[in-house]
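# Structure at a glance
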Amino acid sequence: MSRHLHRIAGLLALLCIATFFSATVLTELFGSHDAVARLKSLIVTPGLWILIPALAAAGGSGKVLSRHRQGRLVDAKKRRMPFIAANGALVLLPCALLLDHWAGAGDFGARFYAVQALELAAGALNLTLMGLNLRDGLRLAGRRKPSRSALAARS
Ligand code: HEM
């Protein structure tokens, strides 16, 4: 049960971040200010209401699963999770709320773009860390070939 929950929650959280990131880049490049404001609002509601529970469920169910599993891959996943959570709570969440507030008020000044750049950088970092957790999760579940270095370490 927790394995299914973990898989769905992890994939959903990763999909949310990937969607927010690519939609932000595309709308900033090609969209109007109205489109940017609409996207900022959608990222907060319903976006964050999906992302935050999904991330919490991925972390919680990962913890349960790791009770029965040990090793380098599990340790690496465990080490990444606090960075993913802190980056989300301390950078991505405040950025999303500020950007939504400013865009809703038509305020697209220098501070908007400074915070937007910070949000994209933090989003890219979380995408990378969550992508690595996905890769190691698939290896743990036997759905993906182990790396050459892992094979060499076994023999
Ligand atoms: C956003 C972060 C995470 C993502 C995207 C993610 C993704 C995944 C995926 C897709 C699987 C394969 C499940 C399957 O196909 O059955 C998996 C397995 C696993 N994950 Fe994660 N995971 C995340 C966080 C964590 C954390 C924080 C831990 C540990 C504290 C963890 C521990 C595990 C374990 C032990 C398995 C192997 C389950 C088994 O086959 O016994 N994961 N993960």
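This write-up is about the structure you can find in this document.

The rules behind these values
Residues numbered from 1 in each chain as written. Predicted model: local features only at pLDDT ≥ 70, side-chain atom pairs only at ≥ 80, totals over all residues. Heavy atoms only, no water. Donors = N, O, S within 2.8 Å, 3.2 Å for Na, K, Ca; no water. Tetrahedral: all angles 85-135°; square planar, octahedral: opposite > 155°, others 65-115°. Helix = DSSP H or I, 4+ residues; strand = E, 2+ residues; numbered from the N terminus. Buried < 20%, exposed > 50% of the residue type's maximum accessible area, 1.4 Å probe, protein only. Near = heavy atom within 4 Å. Polar contact = N/O pair within 3.5 Å; in protein donor to acceptor, adjacent residues only side chain to side chain.

With that settled, consider the coordination of the iron atom of the ligand. For the iron atom of the ligand, the full set of protein donor atoms is His6 (NE2) and Lys77 (NZ), and the range of their distances to it is 1.9 to 2.0 Å. Metal-centred angles of 82 to 179 degrees between the six donor atoms at the iron atom of the ligand mark the site as octahedral. Pair noted here: His6 is in helix α1 (residues 2-30) and Lys77 is in helix α3 (residues 72-104), with a separation of 71 residues, a long-range link. An identical accessibility class is assigned to His6 and Lys77; each is buried.

Turning to the site of the ligand, a few remarks are in order. With respect to spatial proximity, 19 residues lie near the ligand, and among them Arg3, His6, Arg69, Lys77 and Arg143 are the closest. Residue Arg7 places a side-chain N or O atom 3.2 Å away from an oxygen atom belonging to the ligand. With respect to the ligand, the side chain of Arg69 contributes an N or O atom lying 2.9 Å from an oxygen atom. Breaking the shell around the ligand down by element, the ones donating at least two residues are α1, α2 (33-66), α3 and α4 (110-140).

This brings us to unusual backbone geometry. If a residue is not glycine, its phi is most likely negative; likewise, a peptide bond is most likely trans. Cis rather than trans, the peptide bond between Thr45 and Pro46 has omega equal to 10 degrees. When you line up the elements, Pro46 lands in helix α2.

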